[in-house]
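Structural features, examined
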Amino acid sequence: MGERFEAEVGPVAHGGHCIVRVAADQADPEATRVVFTRHTIPGERVVVQITEGSDGDRFWRGDAVQVLRASPERVQPPCPFAGPDLCGGCDFQHVALPHQRELKAEVVREQLVRLARMSPEDPLVTGLVVEQVPGDVDGLRWRTRTRFVPLPGGGRGMRKHRSHEVVEVDDCRIEALGEAPAHVVRGHEFDVAPGGFWQVHPGAPEALVSAVLDLLDPQPGESVLDLYAGVGLFARFLAERVGLEARVVAVEGDREAARRARGNLHGTAKVRVSAGDVASVLREEYDEPFDLVVLDPPREGARKAVVDQVVDRAPRAVAYVACDPAALARDLAFFAEAGYRTTSIRAFDLFPMTHHVECVALLEKTG
């Protein structure tokens, strides 16, 4: 730790850093070690300072503490607390906003090829872009819920990257100003518990609902299974599309969110909400065919046990909403093994200035 290397910056990698290779053994000039390096851009030449790692590790972590040859996409970070050894909240403040989206697209493409085993020439891969979503101000002032560390004297701070150390922050530039909006989507207000899950970008709920409805194209009378349903965001609008006589089931692991989902879905006939672990609920209940399935799992993804249960219901189409491209790609591979082909993928920039990206994929049954 603390050692410095001068190096060329390679491609962007999942997690908000780029791949840099440095000499691993002075006696062997061919031996290199990967350093996952923050605060840089592919193609730059930088001085990397090692922040984590020892001789026996497969890879190290580091920060670009000096830029020797800058990328044309490098900009002055809008936040003075963004940079090496400062706040760890934003990964890409030093990157021009359009190029941030291209870097995110590159990460999603790489995960689809490596983990979902899609062809690099697949039009879904080559044509993937990260879409801008209304609701931020040039990538700033979008985060409607932010967790700070309280400091003595009434100040507040944010933690450094992968550290418990705190940096005092007088103004977080991605924090939305004023009161958080009401949880209203398409004229319907959703009841959400204090601290309960709701998308933090103001434009996210509408963007995701539109994507899911457009991709699934629900028809009157079709049955719907909404998994990891939260407070019923997708189930509400899917129920409107399929009609009052259609069967809609929402499954949510958090009991408080499930309780509020029942209220949010009141008036939509034949909608049932079950609280419990998704895999466990599906092993014991609703073992009948469904026409449509929505998956919106947490960051670790749905995983094979849930994918197998979904496939067992033989839906004609599945909409998979994912906040982690690696987890998405792994699960797409499971679906492919079970005869479901990925036919569309959209990506949305719901977390500007960070490496995070939201995707919605459509899977359709083959044969």
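Preceding this section is the structure that the text describes.
Just so you know, these numbers come straight off a predicted model, no measurement behind them.

**Some words on the overall build of the chain**
When you go through the chain residue by residue, the secondary structure sums to 8 helices and 18 strands. For 367 residues, the compact-globule estimate of 2.2 N^0.38 gives 21 Å, and the C-alpha radius of gyration of the chain, at 22 Å, lies within 12% of that figure. Principal-axis analysis of the C-alpha atoms places the extent of the chain at approximately 70 × 55 × 35 Å. Counting over 367 residues, the chain shows a buried share of 53%. Long-range pairs, those at least 24 residues apart, make up 64% of the contacts in the chain with a sequence separation of at least 6. Carbon and sulfur atoms provide 49% of the accessible area of the chain, an area that totals close to 17,100 Å². Of the charged side chains in the chain, 43 are positive and 56 negative; the average position of the first set lies 2 Å away from that of the second.

**Structural notes on the pairing of strand β13 (residues 248–252)**
Counting buried positions over the 5 residues of β13 gives 5, a clear majority of the element. Because side chains alternate across β13, one face comprises the buried residues Val248, Ala250 and Glu252, and the other comprises Val249 and Val251, equally buried. Alignment of strand β12 (residues 224–227) against β13, held across 4 bridges, turns out to be parallel. Paired with Val224 across the strands is Val248, a residue of β13. After leaving β12, the chain enters helix α4 (residues 233–242) and then returns to the sheet as β13, a path that is right-handed. Of the pairings in the sheet, the one linking β13 to strand β14 (residues 271–275) comprises 5 bridges and is parallel in character. Looking at the pairing, Val248 lines up with Val271 of β14.

**A word on the packing of aromatic side chains**
Across all of its chains, the model carries 6 aromatic pairs by this definition. Summarising the aromatic geometry, the rings of Trp142 and Phe351 are spaced 6.1 Å apart at their centres and angled 80° between planes, so their arrangement reads as edge-to-face. With a gap of 209 residues between them, Trp142 in the loop between β6 (130–131) and β7 (149–150) and Phe351 in the loop between β17 (340–348) and β18 (358–365) connect regions that are remote in the sequence. The buried category is assigned to Trp142, whose relative accessible area is 0%. Arranged with centres 6.0 Å apart and planes meeting at 55°, the rings of Phe190 and Phe237 form a pair that is tilted. Here Phe190 is found in the loop between β11 (188–189) and α3 (204–216), whereas its partner Phe237 is found in helix α4, with 47 residues between them in sequence. By relative accessible area, which is 4% here, Phe237 ends up buried.

**A look at the packing of α3 against α4**
The N-to-C vectors of α3 and α4 enclose an angle of 40°; their axes lie 10 Å apart at closest approach. As the angle between them shows, α3 and α4 are arranged oblique. Pair α3 / α4 crosses with right-handed handedness. Facing Pro205, Leu208, Val209, Val212, Leu213 and Leu216 of α3, the residues of α4 in contact are Leu233, Phe234, Phe237, Leu238 and Arg241. Considered class by class, the residues forming the contact of α3 with α4 number 10 nonpolar, no polar and 1 charged.

**Considering the sheet that holds strand β16 (residues 317–322)**
Pairing is mixed across the open sheet formed by 8 strands, whose spatial order is β6-β17-β18-β16-β15-β12-β13-β14. Pairing within the sheet leaves two strands with one partner each, and these edge strands are β6 and β14. Sheet topology note: the strand β15 (residues 292–295)/β16 ladder contains 4 bridges and is parallel. Looking across to β16, one finds that Leu292 is bridged to Ala317. Of the strands in this sheet, β13 and β14 are in contact with helix α5 (residues 255–264), which crosses β14 at around 165°.

Cut-offs applied
Residues numbered from 1 in each chain as written. Predicted model: local features only at pLDDT ≥ 70, side-chain atom pairs only at ≥ 80, totals over all residues. Heavy atoms only, no water. Helix = DSSP H or I, 4+ residues; strand = E, 2+ residues; numbered from the N terminus. Rg over C-alpha atoms; globule rule 2.2 N^0.38 Å. Buried < 20%, exposed > 50% of the residue type's maximum accessible area, 1.4 Å probe, protein only. Contact = heavy atoms within 4.5 Å. Areas by Shrake-Rupley, 256 points an atom, 1.4 Å probe, with all protein chains shown as cover. Lys, Arg positive; Asp, Glu negative; His and termini not counted. Charge placed at Lys NZ, Arg CZ, Asp CG, Glu CD. Pairing = 2+ DSSP bridges. Right-handed = clockwise from strand over helix to strand, strands pointing away. Phe/Tyr/Trp six-rings, centres within 6.5 Å; stacked < 30°, edge-to-face > 60°. Axes fitted to C-alpha atoms, helices over the stretch in contact; angles between N-to-C directions. Parallel < 35°, antiparallel > 145°, perpendicular 65-115°, else oblique. Left-handed = near helix turned anticlockwise from the far one by under 90°. Nonpolar A, V, L, I, M, F, W, Y, C, P; charged D, E, K, R; others polar.

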